[in-house]
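# Coordinate inspection notes
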Amino acid sequence: MTNLRLLTIGGLISYRALFGWLNPFSYVITILIPSLTQLAFFVYLGRTAHVADDAYYVAGNALVAAAAPSLFGMAQTVAGERYTHTLSLLVVSPASRIAVFFGRSLPATINGIVVSVWTLAIAALMFGIHVPAHALAPLASTIVVTAFSCVGIGLFNASLGLRWRETAVIGNLILYVLLIFAGVNVPLSRLPGWMSTLAQGLPVTHGANAARQLIGGASLGHVLPLIGAEALVGAVYVVIGLSTISLFELEARRGATLEVA
Amino acid sequence: MAVTDQRALNLPIVRTVSLARVVLFGLGLHFKMLSRSPFDMFVVVASPLIFATLAYFLFQNGQGQSLLVAALASGVMGIWSTTTAQGAGALQTQRRLGILELLVASPTPFWAVVLPISVAISAIGVYSLAIGLVYVRVFYGVAITIHEWIAFAVSIPVAIGAIGCLGFLFASVLVRYRSAFMLGNVFEWPVWMISGLLIPVAVLPGWLQPVSWLFAPTWGMRALRHSTLGTGSAWTDVAVCIALSLAYLVAGTLALRFFLRSARARATLALT
């Protein structure tokens, strides 16, 4: 019961704190507008390069829009604690780390879903992308799974925050890797073999592919393996993230480097 | 004797030299400080690498000069990125450090304190340009051939200065907002998009073109492109950059005066 309370209420409070005083204006200018402007940039870049149609970039960037709040939101769960000098208190508490950090990942997942849906909906209107009615429910499932997958890598980013102070740098680096490697803006067929192979193990790659096929008229059954692969990638990152949180916490306690990392 | 000294200090030439010294010293100091910031260095190093790589894979049939221009564009993106990421929130940083009120209360005009910070933030973007060029040369074998070296060499500091002055305007307008940092970030992608960096303006909706003329990166990139390829007069673009810089400076100074007076009257400088 305690763990359930930590997981739900603790996670919610932690996430609300990210947006200081619950100001919706901060949310709009930090998350909703940049996700759209980023997408528009890549749509026009794609039109310049004549590599793929608008739907390719709209689907890919709407899905990767879930990554930014997950990466930075999760990293802030550690960086924010350090900033307010409460990280040591968190680490010495007997609370289950899985409940604490997994709880903090739930609002990030929901946020990722909201941002993805918002970006996809507005961008579809802006660029005249037709989404078939039968694709809406499978598309929603794809977004949910991709948001979960992004939070998986966000957990890993949070764990790095226990070891390195510059979480924003690491988060940006991961985001840039996704923009190039995950087939969001450059089709995997145009990347060298090692890059497209690496992409198979990254969040968003399979989700974006599934979303594109669904927008193109494919059925749920057709894209189910892709959604499954995205879920698997996400689960692997969640396990890696929780493991590295334990590892880096242990290392920080041993070296007394929690506040100085 | 003391009265004579005071009169000497008030001479326009003495004041000008004194202000120039403050601005140049501040520029050097902040440039060195920013060059040691992991976050700022990441922004200026990563931007050219990421966007030059994207350009390479997207424009695979474009060779040589188009990749060279893409490298320059990626460099300008880095300059703009650091300006939006840090420039708009420059005064918030001083507030966070607890020295904003001291700086405002000092006898030095406040614009002379803020301007070097803003220009230094853009100036570290010079790393972006250098890294972009070295990257395409080393990894993609692009020859660095510049059609007009003098115009190119002049374009770089003028473009950086103009973008820095725009950062100064942002910082001045946003001095009363704690969320200045976030507000600045809103401009990152749109200006990358409309300034003709990697995306030709012709691809964009027509109404966006006049909007792009208001932003220094548009003219800075044009100056770099024209001096590199020899496809037009870079000197015209340099002149527009200088004119825009002056406009940003005047607007920024007026905005700073207005918002500071308002903040001081309400005693909200540290609290806004």
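Conventions used here
- Residue positions are given per chain, counting from 1 as you read along its sequence in written order.
- Written order decides the labels, with chains lettered from A and ligands numbered from 1.
- This being a predicted model, a pLDDT of at least 70 is required before a residue's local features are given, and a value of 80 or more before pairs of side-chain atoms are given or counted; all residues contribute to the totals for chains, interfaces and linings.
- A helix here means a DSSP run of H or I that spans at least four residues, while a strand means a run of E at least two residues long, and both kinds are numbered starting from the N terminus.
- Radius of gyration means the value over C-alpha atoms here, while the globule rule gives 2.2 Å times the residue count to the 0.38 power.
- Residues are scored as being in contact if the C-beta atoms we place from backbone atoms lie within 7 Å.
- Residues are grouped as follows: Ala, Val, Leu, Ile, Met, Phe, Trp, Tyr, Cys and Pro are nonpolar; Asp, Glu, Lys and Arg are charged; all remaining types, including Gly, are polar.
- Geometry is summarised by axes, namely lines fitted to C-alpha atoms with helices restricted to the contacting stretch, and by angles between N-to-C directions that run from 0 to 180 degrees.
- Roughly parallel refers to an angle under 35 degrees, roughly antiparallel to one over 145, roughly perpendicular to one between 65 and 115, and oblique to any angle outside these ranges.
- By definition, any crossing whose near helix is turned counterclockwise from its far helix by less than a right angle is left-handed, and any crossing with a clockwise turn is right-handed.
- Once C-beta atoms are placed from the backbone, each residue is buried if 20 or more other C-beta atoms lie within 10 Å of its own, exposed if 12 or fewer, and partly exposed for counts between those two.

Counting secondary structure elements, chain B contains 14 helices and zero strands. Listing the helices and strands of chain B from first to last along the sequence gives α-α-α-α-α-α-α-α-α-α-α-α-α-α. Against the 2.2 N^0.38 benchmark of 19 Å for 272 residues, chain B shows a C-alpha radius of gyration of 20 Å, consistent with a compact globule. Principal-axis analysis of the C-alpha atoms gives chain B an extent of 70 × 40 × 40 Å. If you take every contact in chain B between residues at least 6 apart in sequence, the share linking residues at least 24 apart comes to 82%.

Counting from both sides, the interface comprises 25 residues of chain B and, opposite them, 26 residues of chain A. Listing elements by their share of the side of chain B that touches chain A, those giving two or more residues are α3 (38-58), α10 (180-185) and α11 (188-194) of chain B. Tallying contributions element by element places α3(B) first for the side of chain B that touches chain A, with nine residues. Broken down by class, the residue content of the side of chain B that touches chain A amounts to 21 nonpolar, four polar and no charged.

Residues and elements named next belong to chain A. Relative to each other, helix α2 (residues 24-49) and helix α3 (residues 54-64) sit at 150°, their axes nearing to 9 Å. Regarding the angle of α2 to α3, the classification is roughly antiparallel. Note on packing geometry: the crossing formed by α2 with α3 is right-handed. The residues of α3 that touch α2, namely those facing Gln38, Leu39, Phe42, Val43 and Gly46, are Asp54, Tyr56, Tyr57, Val58, Asn61 and Ala62. Its residues assigned to classes, the contact of α2 with α3 shows seven nonpolar, three polar and one charged.

Working note: α-helix, 3.6 residues per turn, so residues spaced by three or four point in the same direction. All names here are of chain A. Within helix α10 (residues 205-215), ten of the eleven residues are buried, which leaves it mostly tucked inside the rest of the structure. If you check which residues of α10 are buried, you get Thr205, His206, Gly207, Ala208, Asn209, Ala210, Ala211, Arg212, Leu214 and Ile215. Phi for Gly217, located one or two positions after α10, is positive at around 110°.

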